[in-house]
Amino acid sequence: MSLLDYFRSSKTSSASLAKERLQILVAYERASDSQPSYLPELQKELLAVIQKYVNVNQDAMTINLEQNDNRETLELNIVLPDAHPV
Amino acid sequence: MARIIVVTSGKGGVGKTTTSAAISMGLAKKGHKTVVIDFDVGLRNLDLIMGCERRVVYDIINVINGEATLNQALIKDKNCNLLSILPASQTRNKDALTLEGVEKILEELSKDFKYIVCDSPAGIETGAHLAMYFADDAFIVTNPEVSSVRDSDRMLGILSSQSRRAERGEEPIKEYLLLSRYSAERVKSGEMMSLDDVQDILSLHLLGVIPESKSVLTSSNAGTPVILDEKSEAGQAYADIVARYLGENKPHRFIDEKSGFFRKLFGGK
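Heads up: these notes are all about the structure in this document.

Reading guide: rules and limits
Here the residue numbers are simple positions, counted from 1 along each chain's written sequence. Labels are handed out in written order, letters beginning with A for the chains and numbers beginning with 1 for the ligands. Residues qualify for local features only when their pLDDT is at least 70, as the model is predicted, and side-chain atom pairs are given and counted only at 80 or more; totals for whole chains, interfaces and linings, by contrast, use all residues. Computation of side-chain values: all heavy atoms of the structure, hydrogens and water removed. Numbered from the N terminus, helices here are DSSP runs of H or I no shorter than four residues, and strands are runs of E no shorter than two. Burial status follows relative accessibility: with a 1.4 Å probe on protein chains alone, a residue under 20% of its type maximum counts as buried, one over 50% as exposed, and anything between as partly exposed. Contacts between residues were defined by any pair of non-hydrogen atoms, one from each residue, lying within 4.5 Å. Note on areas: these come from Shrake-Rupley sampling with a 1.4 Å probe, and a residue is covered only by the protein chains present in the view. Charged-residue counts in this description rest on Lys and Arg as positive and Asp and Glu as negative, His and the chain ends being excluded. Lys charges are placed at NZ, Arg charges at CZ, Asp charges at CG and Glu charges at CD. Pairs of strands are assigned from DSSP output, requiring at least two bridges between the strands. Sulfur atoms of two cysteines make up a disulfide when they are within 2.5 Å.

We now examine the overall build of chain B. For chain B, the count of helices and strands is 13 helices and 8 strands. The dimensions of chain B, computed from C-alpha atoms along their principal axes, are 65 × 40 × 30 Å. When the 269 residues of chain B are sorted by exposure, 55% land in the buried category. Restricting to contacts in chain B with at least 6 residues of sequence separation, those with at least 24 account for 74%. As displayed, chain B has an accessible area near 12300 Å², and 48% of this comes from carbon and sulfur atoms. Taking the average location of the 34 positive side-chain charges in chain B and that of its 37 negative ones, the two points are 5 Å from each other.

This is the structure in structure tokens:
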């Protein structure tokens, strides 16, 4: 390793930063691209129904559609509050 | 049957028109009858890069509207008689391009030409959509830069879901990567993403790396496709790309920094 290389490796390379940022972003965008377009609307309506009975937050619910070889799974995750229903 | 190639990127300014001009000239110089179409209605520039801007009489919109025949609108290239240019309209807006109109033009050109190169406008609007819709092959022009790589990835999604081949469930469009404005020196110093970095994200079939080169600007100043500047690295890179596309086996170059005089002297590579 030459002296020049020593100085080069001492600073964080901006190219590797670019690559990291891109990998995260592109993975996220590919995933949301493959989701059906009705999913956000479905999530909103489901949440509204649940909120009629239980006092849950907007962010207490996650919705996820997974595709396996021959079946699709709609996964619904709701964190219920400790308190009793309204 | 002609092969339809779309030159696309999503992002603007990465070298789509430079690439369209270069590869269409390259294909024609290899003996294949080729036509290059400018889809950038309202912002045409292919004519300027090809040096035929003063010979434009009719354009693609005139043909679609039946105001001129295809033969009246086609311009024969002055450097190569196997190459023709179909210019975009400069005055009308992009909505003048219609799916049916473009389909008819491509059908007619297919009878006469071996390769049809579609120079896509930037963005994902009508012009870009129609440029890629009928394609068999896609040349994705990407710079080693975050916004360009992201837009290329987005474009790949569109190619695989919104093209005619996708809609008909046919064999998908073949996608090729052309990494342009590459500086091996800046890659080495860690300032620029390398070919491997970009390929880790896009993983496409690489047609070639085009180094950042002064001759791209001087060629466009003069209105001659850069591939005709055989001494320039960019010109050579495009010549390699055309050869590889046609199935020739050319080793990739311009990826690593040129070995300097001193390194050569002392036995480095």
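What follows is about the environment of A:Asp59. Here A:Asp59 shows up in the loop between helix 3 (39-53) and strand 1 (61-67). Between the C-alpha atoms of A:Asp59 and A:Glu29, which are 30 residues apart in sequence, the distance is 20 Å.

Our next topic: the pairing of strand 7 (residues 174-182) of chain B. Across a regular strand the side chains alternate sides, sitting on one face of the sheet and then on the other. All names here are of chain B. Direction of pairing for strand 6 (residues 137-142) relative to strand 7: parallel, over a ladder of 6 bridges. When the bridges of strand 7 are listed, Ala 138 appears paired with Glu 175. Alignment of strand 7 against strand 8 (residues 205-211), held across 6 bridges, turns out to be parallel. Along strand 8, the bridge assignment pairs Leu 179 with Val 209.

The next thing to look at is the state of the cysteines. Residue and element names in this part refer to chain B. The full count for this structure, using the stated rule, is 0 disulfides over all chains. The thiol sulfur of Cys 52 is not disulfide-bonded, and the nearest other cysteine sulfur, from Cys 80, lies at 13 Å. For Cys 80, a relative accessible area of 10% gives the class buried.

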